Amino acid sequence: MTKIPELLAPAGSLTMLRTAFDFGADAIYAGQPRYSLRVRNNDFGKIEVLQEGIDTAHTLGKKFYLVSNLLPHGAKTRTYIKDMSPVVDLKPDALIMSDPGLIMMAREAWPDMPIHLSVQANTVNGASAKFWRSVGIGRVILSRELSFDEIEEVRQDCPEMELEVFVHGALCIAYSGRCLLSGYMSHRDPNQGACTNACRWDYKVKPAEENSSGDVVLLQEARRPDDLMPMEEDEHGTYIMNSKDLRAIEHIERLTAMGVDSFKIEGRTKSPYYVSRTCQAYRTAIDDAVAGRPMNTSLIGNLEGLANRGYTDGFYERHHDKEYQLYMRGHSLSGRSLYVGDTLEVDSVSGRIKVDVKNHFSLGDQLEVIEPEGNQNFTLDAMWNLAGEPIEVAPGSGHIVWIKFPIKGKHAFIARYV
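Now for a look at the structure at hand. Only a predicted model underlies this, so the values are computations on that prediction, with no experimental measurement involved. (Residues numbered from 1 in each chain as written. Predicted model: local features only at pLDDT ≥ 70, side-chain atom pairs only at ≥ 80, totals over all residues. Heavy atoms only, no water.)

### Overview of the sheet that holds strand β15 (residues 352-357)
In step 1: Spatial strand order, β18-β17-β22-β14-β15-β21-β19: seven strands in an open sheet with antiparallel pairing. The two strands at the open ends of the sheet, each matched to only one other strand, are β18 (376-379) and β19 (383-384).
In step 2: Looking at chain direction, β19 and strand β21 (residues 400-404) are connected through two bridges and run antiparallel. Along β21, the bridge assignment pairs W384 with W402. (Pairing = 2+ DSSP bridges. Helix = DSSP H or I, 4+ residues; strand = E, 2+ residues; numbered from the N terminus.)

Given below as structure tokens:
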């Protein structure tokens, strides 16, 4: 019988946590801003929020993994045990960690707490997996830079270790978290959770002065026109680039057959809508793979509906050509649909739903309702403002409207086909 892999989703808030579970996640990961690599858009800095999140997960029979994966400078090592003791008392299902010193301290303070090795530790071979197993690590989150063959080698070299791999989300231009661009450009360090994604900014290249030696060009970032940075290029090119986003849903069947234990979706700073679409798609793909059914190719189209920088399957199949980099833009794009609203209230008598508008939509638009119970399409033919007056346009974020559509459950996300 094929082992059922875990679907692990990101959570930057309780709303994301509940959405992930509603749409099929088996576990979520979240962390405190001080000790994880997500300072922005992170509601789990408060102990009462962590308590509610962990309790919610356990009530549903799900798991909550607590991220403690920064590479700490000395000051944070001195506060870690004191700060984390009340958090560990809440009984998260595992700590996700990367720093050997912190791992040693956690092992001594909480010997029964399971520890998963973060992708920040950059584990790329079976020998490393064996080492981490020898010091009590139960699961390794493998580097995104591994191919299928390399993952299979790790599986064979260390069969007793649980393996987790990323299948969807943003990619780093360096081994995860090892880039210095953000710290250099804006004094916000990736390994302290404050990455500004400087690799995706708007850069232009200018020639160096004539007396410069070698083939040196100067790099200019759009918001820093007077701060010209020398950039060298070798036979492989230059490395300040903007990666497309990872999408490996087409490889779920192969990874499941290898015995991968957990499939991880990146994106703790993204929206509940993002979590709903990704969890829904990957839940279906996992269930199909375990049941021996062929992949439903419509899932690829559903993921195209998310804002993205274009998709690549990363390093799973070596080696891609230059097309897996996105040279023309650093912002997200979507060619299929646009997230336009959340439901706030359901009036079952009138068949109307109150919608918190996120983006523009209007009468005549083709809309998609995304629910855990299944998605539905319809043409919007009636809409009202809060005063009950008929309107034709929902202008955008900040507006609340009523539309007529009977949803199946109590909450849904609304997207507009483009």
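Resuming the write-up.
### Some words on the packing of helix α1 (residues 14-22) against helix α9 (residues 272-291)
Helix-helix packing is described using two parameters, namely the angle between the two axes and the distance between the axes.
In step 1: Across the interface, α1 lies against α9 with an axial gap of 9 Å and an inter-helix angle of 15°. By the angle between their axes, α1 is roughly parallel relative to α9. Seen along the crossing, α1 lies across α9 with a hand that is right-handed. Facing T15, M16, T19 and A20 of α1, the residues of α9 in contact are P272, V275, S276 and C279. (Axes fitted to C-alpha atoms, helices over the stretch in contact; angles between N-to-C directions. Parallel < 35°, antiparallel > 145°, perpendicular 65-115°, else oblique. Left-handed = near helix turned anticlockwise from the far one by under 90°. Contact = heavy atoms within 4.5 Å.)

### Some remarks on unusual backbone geometry
In step 1: Not every positive phi belongs to a glycine, and K91 is a case in point at roughly 65°.
In step 2: The exposure class assigned to K91 is exposed, which follows from its relative accessible area of 60%.
In step 3: Even without being a glycine, N122 presents a positive backbone phi close to 55°.
In step 4: Tracing the backbone through its elements, the reader meets N122 in the loop between β5 (115-117) and α5 (126-134).
In step 5: Judged by its relative accessible area of 15%, N122 falls in the buried class. (Buried < 20%, exposed > 50% of the residue type's maximum accessible area, 1.4 Å probe, protein only.)

### Overview of the pairing of strand β1 (residues 6-10)
In step 1: Of all five residues making up β1, five are buried, and the element is well covered by its neighbours.
In step 2: Alternating positions in β1 separate into two faces, E6, L8 and P10 on one and L7 and A9 on the other, with burial throughout.
In step 3: In this sheet, strand β12 (residues 262-265) lies alongside β1 in parallel orientation, the contact comprising three bridges. By the bridge assignment for β12, L8 is matched with K264.
In step 4: In terms of strand pairing, β1 meets strand β2 (residues 27-31) through three bridges, oriented parallel. Bridge pairing in β2 links L8 to A27.

### With respect to the packing of aromatic side chains
In step 1: Overall, the coordinates contain 10 aromatic pairs when judged by the stated rule.
In step 2: Ring centres of F131 and W132 lie 5.1 Å apart, and the angle between their planes is 70°; this geometry places the pair in the edge-to-face category.
In step 3: Three or more aromatic residues joined by ring pairs make a cluster, and in this case those are F23, Y273, Y339 and F413.
In step 4: Sitting over the face of the ring of F166, R144 holds its NZ or CZ atom 3.8 Å from the ring centroid.
In step 5: Across the ring face of Y29, the terminal group of K264 is positioned such that the distance to the ring centre comes to 4.3 Å. (Phe/Tyr/Trp six-rings, centres within 6.5 Å; stacked < 30°, edge-to-face > 60°. Lys NZ or Arg CZ within 6 Å of the ring centre and 35° of its normal.)

### Focus on the pairing of β2
In step 1: Among the five residues of β2, five are classified as buried, and the element is accordingly described as predominantly covered.
In step 2: Alternating positions in β2 separate into two faces, A27, Y29 and G31 on one and I28 and A30 on the other, with burial throughout.
In step 3: The β-α-β motif built from β1, the intervening α1 and the parallel element β2 has right-handed crossover chirality.
In step 4: Direction of pairing for β2 relative to strand β3 (residues 63-68): parallel, over a ladder of five bridges. In the strand pairing of β3, Y29 is matched with Y65. (Right-handed = clockwise from strand over helix to strand, strands pointing away.)

### Description of α1
In step 1: Every buried residue of α1 is listed here: L14, M16, L17, T19, A20 and F21.
In step 2: Looking at the buried positions of α1, the neighbouring elements they touch are β1, β2, α2 (47-59), β3, α9 and β22 (413-417).
In step 3: Following α1 by one or two positions, G24 adopts a phi angle in the positive range, close to 115°.

### Details of helix α3 (residues 74-88)
In step 1: Helix length check: α3 (15 residues) gives 21 Å between terminal C-alpha atoms against 21 Å at 1.5 Å per residue, within 8%.
In step 2: The principal kink in α3, of about 45°, is found at Y80.
In step 3: Within the sequence span of α3, burial applies to K76, Y80, M84, V87 and V88.
In step 4: Along its buried surface, α3 packs onto α2, β3, β4 (94-97) and α4 (100-109). (Expected span 1.5 Å × (residues − 1). Bend = angle between axes of the 7 residues up to and from the residue.)

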